[in-house]
Amino acid sequence: MKASEAPTIQSPAWNEYRSRVIAAVADVENLMRQLDKGINSEVLAEEVAERLGLEIDTSAAYESLLKLVRAVRPIACEGLRRTSEQHGGQFQLAL
């Protein structure tokens, strides 16, 4: 799917898409933590696009994905923190 065709907030598929982006962000964040590395939002957006099979086809689509990644990153990190806490600091995130 092309990033320019991704659901928007007005779309009925928005909640599912947003959830998939959150899961992809969490997956990448978890991997980076395991590798003891950081990642900036731009690279994170590119990784999310790859995991979701999104082709970044326009600069506007990239900017929209980047804004969404920045907005949901705290949600994904909080989910990782809670999951880690529930499992005594040890867990694997499988998508």
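Predicted model, so just to flag it, every value in this text is computed and none were measured. (Residues numbered from 1 in each chain as written. Predicted model: local features only at pLDDT ≥ 70, side-chain atom pairs only at ≥ 80, totals over all residues. Heavy atoms only, no water.)

## Overview of the nonpolar core
Okay, so step 1: Residues Y17, V21, V25, V48, L65 and V69 are the most contacted members of the largest nonpolar core, which totals 25 residues.
Okay, so step 2: Tallying contributions element by element places helix 1 (residues 14-34) first for this core, with nine residues.
Okay, so step 3: With residues near it in sequence (within four places) discarded, L65 still touches Y17, A45, V48, A49, L54 and I56. (Core = buried A, V, L, I, M, F, W, Y, C linked by side-chain atoms within 4.5 Å. Buried < 20%, exposed > 50% of the residue type's maximum accessible area, 1.4 Å probe, protein only. Helix = DSSP H or I, 4+ residues; strand = E, 2+ residues; numbered from the N terminus. Contact = heavy atoms within 4.5 Å.)

## Some thoughts on helix 3 (residues 59-86)
Okay, so step 1: Its 28 residues give helix 3 an end-to-end C-alpha distance of 40 Å, which sits within 8% of 40 Å, the value for a rise of 1.5 Å per residue.
Okay, so step 2: Within helix 3, the full set of buried residues consists of A61, Y62, L65, L66, L68, V69, V72, R73, A76, L80 and S84.
Okay, so step 3: Contact partners of the buried residues in helix 3: helix 1 and helix 2 (41-52). (Expected span 1.5 Å × (residues − 1).)

## Some thoughts on the environment of L65
Okay, so step 1: Examined against the element boundaries, L65 turns out to sit in helix 3.
Okay, so step 2: Placed 14 residues apart in sequence, L65 and R51 show a C-alpha to C-alpha distance of 13 Å.

## Remarks on the packing of aromatic side chains
Okay, so step 1: Summed over the entire model, instances satisfying the criterion amount to one aromatic pair.
Okay, so step 2: A centroid spacing of 6.1 Å and a plane angle of 50° characterise the contact between W14 and Y17, whose relative ring orientation is tilted. With W14 and Y17 both in helix 1 and three residues apart, the pair spans about one turn of that helix. Both residues of the pair, W14 and Y17, belong to the buried class. (Phe/Tyr/Trp six-rings, centres within 6.5 Å; stacked < 30°, edge-to-face > 60°.)

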